[in-house]
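Architecture at a glance
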Amino acid sequence: DTGVSQNPRHKITKRGQNVTFRCDPISEHNRLYWYRQTLGQGPEFLTYFQNEAQLEKSRLLSDRFSAERPKGSFSTLEIQRTEQGDSAMYLCASSTRDSINSPLHFGNGTRLTVT
Amino acid sequence: QKEVEQDPGPLSVPEGAIVSLNCTYSNSAFQYFMWYRQYSRKGPELLMYTYSSGNKEDGRFTAQVDKSSKYISLFIRDSQPSDSATYLCAMSALRGNTGKLIFGQGTTLQVKP
């Protein structure tokens, strides 16, 4: 168990640019989640995948955001035309199907700064 | 009003003190309750989880759930400087997307040597 891995750890970009983050979940976990955390707040749910299927998206996920999980393994989160309000920590988490016995395990996040 | 309310603190205690952290919630559909610890610049780390009312103990940590009052607590005994972190309560409904957690704001705890 190597844990949930996220890359890059920190991304600085200029407003209007596109950015992409990657998440590698724990290998046997088939559920993968993306959360966003702003300073001084708890994480907020963005979207989740069961295997390669994206099953739910939050209203927080505007049209500029897109997430994929090809082949049900790693996932990417892309933000197009970044805005300063997108500055946050983007957290990835994974779990097995039965979340009662396998709660979410989070990665250390990608911190996005939009200048 | 937020679904989950948590006092952000900061809370400062001397080493060895008993710490009490609390959250209230408004959604009676929440049945699954967790406490996460988050160190600076790190992701949340699961401490405790339960899906029933009552107490659950794990070492120096005790989680308490009172569904009738919609109130959950985390107690830390013999607190250590290494316990200094932000503590997040989280909860979800049992049906559907159980990984869709609703988090509190987090309470920042500092344990002074």
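Structural data are supplied above this passage.
Being a predicted model, the structure only gives us computed values, none of them experimental.

Residues and elements named next belong to chain B. According to the stated counting rule, one finds seven salt bridges over all chains in the structure shown. As a salt-bridge pair, R77 and E57 come within 3.4 Å of each other at their nearest N and O atoms. Within this pair, whereas R77 is found in the loop between β8 (71-76) and β9 (85-93), its partner E57 is found in strand β6 (residues 54-58), the two being separated by 20 residues in sequence. On the basis of relative accessibility, which here comes to 29%, the residue R77 falls in the partly exposed class. Note that D83 is salt-bridged to R60, the shortest N-O span being 2.9 Å. Residue D83 is located in the loop between β8 and β9, and its partner R60 is located in the loop between β6 and β7 (61-66); the two are separated by 23 residues in the primary sequence. Classification of R60 by relative accessible area gives partly exposed; the value is 25%.

Membership of the largest hydrophobic core comes to 24 residues, with the highest contact counts inside it found for W35, I72, L74, I76, Y87 and M91 of chain B. Counting only elements with at least two residues in this core, the list comes to β3 (19-25), β4 (30-38), β5 (45-50), β7, β8, β9 and β11 (107-112) of chain B. The residues contacting I72 of chain B, other than those within four sequence positions of it, are L21, N22, C23, Y25, F33, W35, Q64, V65, C89 and M91 of chain B. Judged by nonpolar contacts, the second largest core, of 19 residues, contains L32, L46, L61 and I79 of chain A.

The subject of this paragraph is unusual backbone geometry. In this model, N7 of chain A is joined to P8 of chain A through a cis peptide bond whose omega is -10°. Cis geometry marks the peptide bond from G9 of chain B to P10 of chain B; its omega dihedral reads 10°. Residue position: P10 of chain B is located in the loop between β1 (4-6) and β2 (11-14). Positive phi, normally seen in glycine, also occurs at D78 of chain B, with a value near 45°. Here D78 of chain B shows up in the loop between β8 and β9. Take D78 of chain B: its relative accessible area is 42%, and that puts it in the partly exposed class.

Residue and element names in this part refer to chain A. With respect to the helices and strands, the residue T76 is situated in strand β8 (residues 75-79). Here the alpha-carbon distance between T76 and H10, two residues 66 residues apart in the chain, equals 15 Å. Those residues in contact with T76 that sit more than four places away from it in its chain are T20, F21, W34, S66, A67 and E68.

Before going further, it helps to examine the interface of chain A and chain B. Contacts between chain A and chain B engage 22 residues on the former and 21 residues on the latter. Counting the surface lost from both chain A and chain B, the interface buries some 1900 Å², and carbon and sulfur atoms represent 51% of this. Where chain A meets chain B, there are one salt bridge. One salt bridge connects E56 of chain A with K100 of chain B, and the closest N-O pair in it is separated by 2.8 Å. Counting only elements with at least two residues in the side of chain A that touches chain B, the list comes to β4 (31-37) and β5 (44-50) of chain A. Examining the composition of the side of chain A that touches chain B, we find that four residues originate from one element, β4 of chain A, more than from any other. Class assignment for the residues of the side of chain A that touches chain B results in ten nonpolar, eight polar and four charged.

Criteria and thresholds
- Residues numbered from 1 in each chain as written.
- Chains lettered and ligands numbered in written order.
- Predicted model: local features only at pLDDT ≥ 70, side-chain atom pairs only at ≥ 80, totals over all residues.
- Heavy atoms only, no water.
- Salt bridge = Lys/Arg side-chain N within 4 Å of Asp/Glu carboxyl O.
- Helix = DSSP H or I, 4+ residues; strand = E, 2+ residues; numbered from the N terminus.
- Buried < 20%, exposed > 50% of the residue type's maximum accessible area, 1.4 Å probe, protein only.
- Core = buried A, V, L, I, M, F, W, Y, C linked by side-chain atoms within 4.5 Å.
- Contact = heavy atoms within 4.5 Å.
- Buried area = accessible area lost by both parts, 1.4 Å probe.
- Nonpolar A, V, L, I, M, F, W, Y, C, P; charged D, E, K, R; others polar.

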